[in-house]
Amino acid sequence: MWQTFMAWLSGDLSQDARIWTALAPAVLAAAYFIIGLVVFSIRCLFVGILKDSETEKRGASVLVGMFLRHYFFWVIYPLSWLVLRSGLPANAITTLSALIGMGSGVAVAAGRFALGGWLFLFAGILDTLDGRLARMRKTASLEGAVLDSILDRYVDGAFLVGLAWYYRDTWVLFPVLAALLGTSLVPYVRAKGEGLGVELRGGVMQRLERVLFLGGGVALAPVLEAIYNPDLARPPHMLAIAGIIFVAIFSNITAITRLRDLLLALAPKSAFLSKKNFPHWYIWGTVTAAIATAVDFFSVFGAVELLAFNPVWATAMGCCFGAAVNFSLNRWIVFRSKDFLVAQLNRYIFTSAMSAALNAFGLYLILLLPNASYLFAWWLVRLLVFLSWNLPTQKNYVFVPRQPTTQPTTECSSGCV
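The shown structure was predicted, so the numbers you read here are calculated from the model rather than taken from an experiment.

Draft legend 1. Molecular detail of the overall build of the chain. When its secondary structure is counted, the chain shows 15 helices and zero strands. Here the chain holds 417 residues, and 40% of them are scored as buried. For the chain, long-range pairs separated by at least 24 residues make up 74% of all intrachain contacts whose partners lie at least 6 apart in sequence. Carbon and sulfur atoms make up 71% of the accessible area of the chain, which amounts to about 23900 Å² in all.

Rendered as structure tokens:
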């Protein structure tokens, strides 16, 4: 027994060890939470949902609704009671959660996905208790809130950095880095909004969802690997990869959605980015951009694959074709501009020339990397240039209605002829 325990502790990656190190905590936790869900549901049928005031303030998401949120805080009440009775200060729970969470990053970096995933989940549960504990004891403070928020970022970062280290030689590194970016931007945009007086709590991928999907996927990944890849010393952990990609996509969508809501809340009523004009511009702008991008892409693809053009020069040429289509559609459909055509066209030519240069140079930089695909690089650079250059300059520079220029008048006093 002792030898088995020491082998497991030192990293035994046998098939049985992978299954049981992943499933043993899951079986115990599942039994507790499933029985709790049954009891909670029966209780709700007779006396209604036992609502948690703090959960009501935080709101729900598409992935985790209010019923599940109320149930979660009800089912972990014994742990909350135990922590309360322990006499530990709230900041101690905060730092304990951070230490365990950062330890999860070390575990996954070493390939111990079951251990790392369960540590990350447990740290997430503890993180839900520190603020409640402080409010129950009436010891809540701004210092504690700041400490909790900052340490949460360290925990998320440590876990994803550990995953990045494990996947450092594979393509999975890119979705891990995208997830790291998204999980950093979601709270940052919210904090920026609160600093400007705008509350931003919506979004599909909030921290509870990130902890559940990322931690759960990593914790249970060794089970599938023990079944399908029992002989690999360094398995890919497909379930973990699925969780990483899911979090990478929806955390960035949440960050972008919150940024959009923040800009809408801050935009003056006369601005084009107003709630009245935004849906029309967003829908038609997306359609016209997709059409122009398709023209651009097939031009590049044909020039490279059929005519054997250099990808860099083909990209510049494709941008010119796409720009012509985009200008026409934007002028007459999206913005419905009646501004002077030549002046507007001059502004658009400058914007498009700059866009072509940025796309070509960006593609050149990415193709400096070994084994880089020009198709992937093209789409990546095209998206970044569109969001950071094309979109704002077209809205705020090219198609902005120009005020008519009026000649200054001279008032004549006595003596004018």
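Draft legend 2. Here's a closer look at the packing of helix α5 (residues 77-86) against helix α7 (residues 113-136). Between α5 and α7, the least distance of the axes is 10 Å, while the angle of their chain directions is 55°. When the axes of α5 and α7 are compared, the pair comes out oblique. Seen from above, α5 lies across α7 with right-handed handedness. Counting all contacts with α5, which are made through Leu79, Ser80, Val83 and Leu84, the residues of α7 involved are Ile125, Leu129, Leu133 and Met136. Split by residue class, the contact of α5 with α7 holds seven nonpolar, one polar and no charged.

Draft legend 3. Local environment of the packing of helix α14 (residues 341-366) against helix α15 (residues 374-398). In contact at an axis separation of 9 Å, α14 and α15 are set at 155° when each is read in the N-to-C sense. As the angle between them shows, α14 and α15 are arranged roughly antiparallel. Note that α14 runs across α15; the crossing there is right-handed. By residue class, the composition of the contact of α14 with α15 is 15 nonpolar, eight polar and two charged.

Draft legend 4. A look at the pattern of salt bridges. Evaluated as defined, the whole model comprises seven salt bridges. Asp156 is paired through a salt bridge with Arg153; the nearest N and O atoms lie 3.8 Å apart. Of this pair, Asp156 and Arg153 both sit in helix α8 (residues 142-166), three residues apart, which is roughly one turn of that helix. Here Glu194 makes a salt bridge to Arg190, at a shortest N to O gap of 3.2 Å. A residue pair is termed a helical-turn pair when its members lie 3 or 4 positions apart in one helix, as Glu194 and Arg190 do in helix α9 (residues 173-195) at four residues. The class for Arg190 is partly exposed, based on a relative accessible area of 25%. A single network of salt bridges, built from pairs that share partners, joins Asp127, Arg153, Asp156, Arg207 and Arg210.

Draft legend 5. Highlighting the nonpolar core. Counting 28 residues, the largest nonpolar core has Phe113, Leu163, Tyr167, Val176 and Leu214 as the members making the most contacts within it. Of the residues forming this core, the biggest block, seven residues, is contributed by α8. For Val176, the contacting residues outside a window of four places in its chain are Leu160, Leu163, Ala164, Tyr167 and Ile244.

Draft legend 6. The arrangement of the packing of aromatic side chains in detail. The tally for this structure, following the rule as stated, stands at 14 aromatic pairs. Plain terms: the ring middles of Phe113 and Tyr167 are 6.1 Å apart, the flat faces sit at 90° to each other, and that makes the pair edge-to-face. In this pair, Phe113 sits in helix α7 while Tyr167 sits in the loop between α8 and α9, placing the two residues 54 residues apart along the sequence. Owing to a relative accessible area of 1%, Phe113 belongs among the buried residues under this scheme. Judged by centre distance (5.0 Å) and plane angle (90°), the ring pair of Tyr166 and Tyr167 falls under edge-to-face. A single burial state applies to Tyr166 and to Tyr167, both of which are buried. Each member of the aromatic cluster is reached from another via a ring pair, and the members are Phe297, Phe298, Phe301, Trp378 and Trp379. Positioned above the aromatic ring of Trp165, the side-chain terminus of Arg168 is 4.2 Å from the ring centre.

Draft legend 7. Looking closely at unusual backbone geometry. Within the chain, His237 stands out as a residue other than glycine whose phi angle is a positive 60°. Among the secondary structure elements, His237 is positioned in the loop between α10 (207-228) and α11 (238-266). Its identity as a non-glycine residue notwithstanding, Ala308 has a phi of 60°, on the positive side. Tracing the backbone shows Ala308 in the loop between α12 (278-305) and α13 (311-334).

Draft legend 8. Layout of the environment of Ala92. Mapped onto the elements of the fold, Ala92 is located in helix α6 (residues 90-109). When the C-alpha atoms of Ala92 and Asp130 are compared, they prove to be 8.2 Å apart, with 38 residues separating the residues in sequence.

Draft legend 9. How the structure looks around the confidence of the model for the chain. Mean pLDDT over the chain works out to 79, with 81% of the residues at or above the 70 mark. Overall, residues 405-417 carries pLDDT values under 50, and its contacts beyond four positions in sequence, including any with other chains, amount to zero contacts.

Draft legend 10. Structural view of the environment of Gly322. Relative to the helices and strands, Gly322 resides in helix α13. With sequence-adjacent residues up to four places away left out, Gly322 is seen in contact with Ala292, Val295 and Asp296.

Calculation notes
- Residues numbered from 1 in each chain as written.
- Predicted model: local features only at pLDDT ≥ 70, side-chain atom pairs only at ≥ 80, totals over all residues.
- Heavy atoms only, no water.
- Helix = DSSP H or I, 4+ residues; strand = E, 2+ residues; numbered from the N terminus.
- Buried < 20%, exposed > 50% of the residue type's maximum accessible area, 1.4 Å probe, protein only.
- Contact = heavy atoms within 4.5 Å.
- Areas by Shrake-Rupley, 256 points an atom, 1.4 Å probe, with all protein chains shown as cover.
- Axes fitted to C-alpha atoms, helices over the stretch in contact; angles between N-to-C directions.
- Parallel < 35°, antiparallel > 145°, perpendicular 65-115°, else oblique.
- Left-handed = near helix turned anticlockwise from the far one by under 90°.
- Nonpolar A, V, L, I, M, F, W, Y, C, P; charged D, E, K, R; others polar.
- Salt bridge = Lys/Arg side-chain N within 4 Å of Asp/Glu carboxyl O.
- Core = buried A, V, L, I, M, F, W, Y, C linked by side-chain atoms within 4.5 Å.
- Phe/Tyr/Trp six-rings, centres within 6.5 Å; stacked < 30°, edge-to-face > 60°.
- Lys NZ or Arg CZ within 6 Å of the ring centre and 35° of its normal.
- pLDDT = per-residue confidence, 0-100.

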